[in-house]
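Breakdown of the fold
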Amino acid sequence: MHIKKSKLALVITDGVGFRNFILSDFLTHANTIFDEVVILSCLPKKVYATHTHLRVVELAVFEERFKTWFFRKAKEIAHLKLNAKNNFGILDNLQANHSKLKTPRGYATRFIYKLTALCHSEACIQMFQKFQNYTFKNHQITEAYRAILNDEEFSMLFFTHQRPPYIAPLVYAAQKQKLKTVAFIFSWDNLASKGRMASNFDYYLVWSDLMKQDLLQFYRAITEKQIAVVGTPQFVPYVMEDYQVLKSEFLKTFDLDEHLKTICFSCGDISTSKNDELYIETIAEAIQNKTIAPVNFIVRTSPAEDPVRFEGLVKQYPFIKWHFPKWKQVRPKHQESWSQRIPTIEDVKQLRALLEYCDLNINMLSTMSLDFMMFNKPVVNPVFGNTENGLYNDQRFLGYAHIEHLVHSKATKIVKNKTALLTAISQYLVHDNDAVCRQEFIKQQVGVPLKQTNEVLVNSMKQWL
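Anyway, here's the lowdown on the structure attached to this text. For clarity, every value in this text was computed on a predicted model and none was experimentally measured. (Residues numbered from 1 in each chain as written. Predicted model: local features only at pLDDT ≥ 70, side-chain atom pairs only at ≥ 80, totals over all residues. Heavy atoms only, no water.)

This brings us to the packing of aromatic side chains. Under the criterion given, the structure shown has 27 aromatic pairs. Ring centres 6.1 Å apart and planes at 35° place the aromatic pair Phe 235 and Tyr 238 in the tilted group. An identical accessibility class is assigned to Phe 235 and Tyr 238; each is buried. The interplanar angle of 70° and the centroid separation of 5.2 Å between the aromatic rings of Phe 397 and Tyr 400 together place this pair among those described as edge-to-face. The residues Phe 397 and Tyr 400 share a single accessibility class, namely buried. One aromatic cluster in this structure is built from Phe 66, Trp 69, Phe 70, Phe 71, Phe 111 and Phe 131. The lysine or arginine in question, Lys 274, covers the ring of Tyr 392, its NZ or CZ lying 5.6 Å from the ring centre. A cation over an aromatic ring shows up here: Lys 413 above the ring of Tyr 428, its NZ or CZ 4.7 Å from the ring centre. (Phe/Tyr/Trp six-rings, centres within 6.5 Å; stacked < 30°, edge-to-face > 60°. Buried < 20%, exposed > 50% of the residue type's maximum accessible area, 1.4 Å probe, protein only. Lys NZ or Arg CZ within 6 Å of the ring centre and 35° of its normal.)

So, on to the pairing of strand S6 (residues 203-206). As a general feature of sheets, a regular strand has side chains that alternate between the two faces. Judged by which residues are buried, S6 turns out to be covered on both faces: Tyr 203 and Leu 205 on one side and Tyr 204 and Val 206 on the other are all buried. Relative to S6, strand S5 (residues 180-184) is paired through three bridges, and the arrangement is parallel. In the strand pairing of S6, Phe 184 is matched with Leu 205. What joins S6 to strand S7 (residues 227-229) is helix H9 (residues 209-218), and the crossover it makes is right-handed. (Helix = DSSP H or I, 4+ residues; strand = E, 2+ residues; numbered from the N terminus. Pairing = 2+ DSSP bridges. Right-handed = clockwise from strand over helix to strand, strands pointing away.)

Have a look at this one:
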């Protein structure tokens, strides 16, 4: 009797997925549980050469046509409208998606807003999904994906990110061949404030019970039996010996004074963190004027963008130690070029060292708050901008559902002006009394201990075979 072996397709969609699933211990567990694992990659095949001996199939790049975009956009706006009531984050994104452009997509977007004013039920969303899928029916890339799936005979496709639009035709091809599909919910903010997923999947992996409830709330067609709470491999490298760095090496790498405490400011990208320069300058001026105690000051820029906007600050404050993430742009000509940046081993090590050896982190409500809390380090979140003071309005993010959990937890100090920022820094450098709040917040957001995460994740997928 022939017993069909279990064969997993690991779909790496972008550089963050590469870090989470290739640079963590995921493959160790996956290779133990599944008979075979093959990587289906939206990144160039060459990037895996020094990291794994698994077979890699490089996927052709999907260029989205207008009709596919139209139904995807309609699905997304309908989803936002369905869930906008009593949800400021979704309402904010709904307003941000509106277009005044006098282009085909601009006119189409305005039509979609009128259409979805009448049609934004779950049934309408599923109808738009069917229309979007129909655009893939005779698409050249769908045929290419079907050929791969026919040749490989996978038991299951695991998508490491649920949102990129370029994965939709692969999901469609898998569904047509009745292959099981699993999606990992990529980030803590993806459900409560973002638009619709790229497609429907058979099963979903979430970080926590809180995220599970969000998924059931915002995706009414999904049932509990389709969901497993697995934590997130995003933070797993922080408990792996491979990435540990001695403090002496950290001090040498960043040329720091070993007798001083160290502050790290971690930047967001310019689309949502437009006030980062102001926050860096405020801290730098306080250090220069001795308004706060002497400290080492490191700034880590966002790996998602070129740090050119900070050139003036680099020249103005030579005592700042800059950490420009060592991520390589592996495919510049891509509809979402940020997705084609991948981290180096050196960067993972240096980031882990920053988290372990810095005494305080400052960031504008980014996921880096969670990274530092994994090492139980205090965090300050500056949000100076509002509707009245002429700054970019970053205080509005305090109304986003995932940030409201942070605010209520009191796990960080949220500050709205220069005085409050400098006071919070001074207080944390002397005494940290928020450690318990941070630990409770991490338990709420990440439902499985890091050392067990990938084992739980892989076993959860195995049970669905």
